Amino acid sequence: MITEIAPAPERVAAEPARPHRRRRAWDEVPRWQIYLPLSIYLLFTLIPFYWILLFALRPAGSTSLVPWPMTFDHFQKVWTERSFGTYFANSVYVGIATLLLTTVVALAGGYALARFDFRLKRGFMLALLCSQFVPGALLLVPLFQIFAELKMINSLGSVIIAETVFQLPLSMILISGFIRNVPYSLEEAAWVDGCGRLTAFRIVVLPLLRPGLIAVGSFAFVHAWNHFLFALMFLSDQGKQTIPVGLNTLMSADSVDLGALAAGGIVAAVPVVVVFAFIQKWLITGFSAGAVKG
């Protein structure tokens, strides 16, 4: 008996499975619901800047909504007649000195908080946090008395010290957080290779802290640049005043020179914009990416 053997079914090539694409919240939301609020926010943000540019660039007495014909007389007036060149130089000096002093002291204190255990460490951290709730106006009387005893009134050094003291608590907390994210094994490996603690910190840890140091130093500079209260109280000589105090001199009880005030505001805002444009890439870059694997 011969049994017929059925032919084997043809194999159909299976289609490669398509990778499953996970839907994100961004894909489920219509784009107009995202761009419309952002556009409205951008509009309300840019209108004040345009208004300042309008008053600074159009001639005095003009009511045009377009700065034409364009003039730079207001900038020349505030820079020469209103001594904004001196104010600008004083602000740069105070800002850079505050940046350096705050960064160095915060780096030393932040390393101690991140790497060492000592008594009352939590209490000290809590005190640093609570100090941020103290307004700067409450520090004026004790600081003024201290600087008067030290004969530092009407000196840029008093403003630098006051700004540094005001910035140190938050800067130390931020730096300690950056140092904690640096693996301790990197320092231990450097110690095994014969480096001391200071050498290991300088060679291994400090390069990884560059984004954090730039961010902390930049915030200290911007705060010292914009702070009005300390410079107003500790500096009485017009040749030692800073830009915020100089802007205040453009306003009087009887009248306000809007063109000069707008030009002075632009002069005061340009360094801050440049600083934040410079540190933006450091704020979004991972400072310890690739340091340790596995």
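Residues numbered from 1 in each chain as written. Predicted model: local features only at pLDDT ≥ 70, side-chain atom pairs only at ≥ 80, totals over all residues. Heavy atoms only, no water.

**A short note on the nonpolar core**
Now for step 1: Ala56, Phe75, Val78, Phe84, Trp225, Ile243 and Leu247 are the most contacted members of the largest nonpolar core, which has 23 residues in total.
Now for step 2: Listed by contribution, the elements that provide at least two residues to this core are helix H2 (31-57), helix H3 (73-81), helix H4 (84-115), helix H10 (210-226), helix H12 (243-249) and helix H13 (258-284).
Now for step 3: With nine residues, the single largest contributor to this core is H13.
Now for step 4: Other than its neighbours up to four places away in sequence, Trp225 contacts Phe88, Ser91, Val92, Ile243, Pro244, Val267, Ala268, Pro271 and Val272. (Core = buried A, V, L, I, M, F, W, Y, C linked by side-chain atoms within 4.5 Å. Buried < 20%, exposed > 50% of the residue type's maximum accessible area, 1.4 Å probe, protein only. Helix = DSSP H or I, 4+ residues; strand = E, 2+ residues; numbered from the N terminus. Contact = heavy atoms within 4.5 Å.)

**Concerning the packing of aromatic side chains**
Describing an aromatic ring pair means giving the distance of the ring centres and the angle of the ring planes.
Now for step 1: Within the structure shown, the criterion is met by 13 aromatic pairs.
Now for step 2: Through a chain of ring-to-ring contacts, three or more aromatic side chains come together here, namely Phe144, Phe147, Phe166, Phe230 and Phe234.
Now for step 3: Lying over the aromatic face of Phe55, Arg58 brings its terminal NZ or CZ to 4.5 Å of the ring centre. (Phe/Tyr/Trp six-rings, centres within 6.5 Å; stacked < 30°, edge-to-face > 60°. Lys NZ or Arg CZ within 6 Å of the ring centre and 35° of its normal.)

**Some points on unusual backbone geometry**
Trans peptide bonds make up the majority, and among non-glycine residues the majority have a negative phi.
Now for step 1: A positive phi angle, close to 60 degrees, is found at Lys151, a residue other than glycine.
Now for step 2: By the element assignment, Lys151 lies in the loop between helix H6 (140-149) and helix H7 (156-180).
Now for step 3: Despite not being glycine, Asn154 shows a phi value in the positive range, around 65 degrees.

**Notes on the layout of surface pockets**
The method is simple in principle: a probe with the dimensions of a water molecule rolls over the atoms, and the space it marks as empty is what remains.
Now for step 1: Size it by volume and the largest pocket reaches roughly 150 Å³.
Now for step 2: Together, Phe49, Ile52, Leu53, Gly265, Ile266, Ala269, Val270 and Val273 line the largest pocket.
Now for step 3: Contributing elements (two or more residues each) for the lining of the largest pocket: H2 and H13.
Now for step 4: In terms of residue count, the dominant contributor to the lining of the largest pocket is H13 (five residues).
Now for step 5: Among the residues making up the lining of the largest pocket, the classes are represented as seven nonpolar, one polar and no charged. (1 Å grid on protein atoms, 1.4 Å probe; cavity = no way out; pocket = protein on both sides within 12 Å on 5 of 7 lines; lining within 4 Å. Points joined across faces, edges and corners; volume = space filled by probe spheres on them. Nonpolar A, V, L, I, M, F, W, Y, C, P; charged D, E, K, R; others polar.)

**Quick look at the packing of helix H5 (residues 121-131) against H7**
Now for step 1: Between H5 and H7, whose axes approach to 8 Å, the crossing angle comes to 130 degrees. With respect to H7, the element H5 is oriented oblique. Crossing handedness for the pair H5 and H7: left-handed. Contacts from Phe124, Met125, Leu128, Leu129 and Ser131 of H5 reach H7 at Pro169, Met172, Ile173 and Arg180.
Now for step 2: Looking at the contact of H5 with H7, its residues break down into seven nonpolar, one polar and one charged. (Axes fitted to C-alpha atoms, helices over the stretch in contact; angles between N-to-C directions. Parallel < 35°, antiparallel > 145°, perpendicular 65-115°, else oblique. Left-handed = near helix turned anticlockwise from the far one by under 90°.)

**Some points on H7**
Now for step 1: A rise of 1.5 Å per residue sets the reference length of H7, with its 25 residues, at 36 Å; its end C-alpha atoms lie 35 Å apart and thus fit the reference within 8%.
Now for step 2: Leu168 marks the point of greatest bend in H7, at about 45 degrees, and the proline Pro169 comes within the next four residues. (Expected span 1.5 Å × (residues − 1). Bend = angle between axes of the 7 residues up to and from the residue.)

**Considerations on the confidence of the model for the chain**
Now for step 1: With 85% of its residues at a pLDDT of 70 or more, the chain has an overall mean of 80.
Now for step 2: Looking over the chain, one finds the lowest element-wise mean pLDDT in helix H1 (residues 25-28), namely 58, and the highest in H4, namely 90.
Now for step 3: Ignoring residues within four places in sequence, the model shows residues 1-8, a span with pLDDT below 50, making zero contacts including any to other chains. (pLDDT = per-residue confidence, 0-100.)

**A closer look at the pattern of salt bridges**
Now for step 1: In total, this model carries two salt bridges according to the counting rule given.
Now for step 2: Arg115 serves as the salt-bridge partner of Glu187, at 2.6 Å between the closest nitrogen and oxygen. With Glu187 in helix H8 (residues 184-192) and Arg115 in helix H4, this residue pair connects regions lying 72 residues apart in the sequence. The two residues Glu187 and Arg115 agree in class, both being buried.
Now for step 3: Across the salt bridge formed by Lys121 and Asp117, the nearest N and O atoms sit 3.4 Å from each other. (Salt bridge = Lys/Arg side-chain N within 4 Å of Asp/Glu carboxyl O.)

**As for the side chain of Asn90**
Now for step 1: With respect to the helices and strands, Asn90 occurs in helix H4.
Now for step 2: Note on Asn90: relative accessible area 10%, which makes it buried.

**Overview of the side chain of Glu163**
Now for step 1: Mapped onto the secondary structure, Glu163 falls in helix H7.
Now for step 2: There is no salt bridge for the buried Glu163, and the closest opposite charge comes from Lys240, which lies 17 Å off by N-O distance.
Now for step 3: Among the polar contacts listed, one links the side chain of Glu163 to the side chain of His223, at a separation of 3.2 Å.
Now for step 4: Leave out the neighbours within four places in its chain, and Glu163 touches Thr98, His223, Ala224, His227 and Phe230. (Lys, Arg positive; Asp, Glu negative; His and termini not counted. Polar contact = N/O pair within 3.5 Å; in protein donor to acceptor, adjacent residues only side chain to side chain.)

**Digging into H2**
Now for step 1: The end-to-end C-alpha distance of H2, which contains 27 residues, comes to 37 Å, matching closely the 39 Å that a straight helix rising 1.5 Å per residue would cover.
Now for step 2: For H2, the complete set of buried residues consists of Ile34, Leu54, Phe55, Ala56 and Leu57.

**As for a nonpolar patch on the surface**
Now for step 1: There is a patch of nonpolar side chains on the surface, built from Tyr50, Trp51, Leu65, Val66, Trp68, Met70 and Phe72 and spanning about 830 Å² of accessible area.
Now for step 2: Within the secondary structure, Trp51 is located in helix H2.
Now for step 3: Owing to a relative accessible area of 42%, Trp51 belongs among the partly exposed residues under this scheme. (Patch = residues over 30% accessible without salt bridge, like charges linked within 9 Å, V, L, I, M, F, W, Y side chains within 5 Å. Areas by Shrake-Rupley, 256 points an atom, 1.4 Å probe, with all protein chains shown as cover.)

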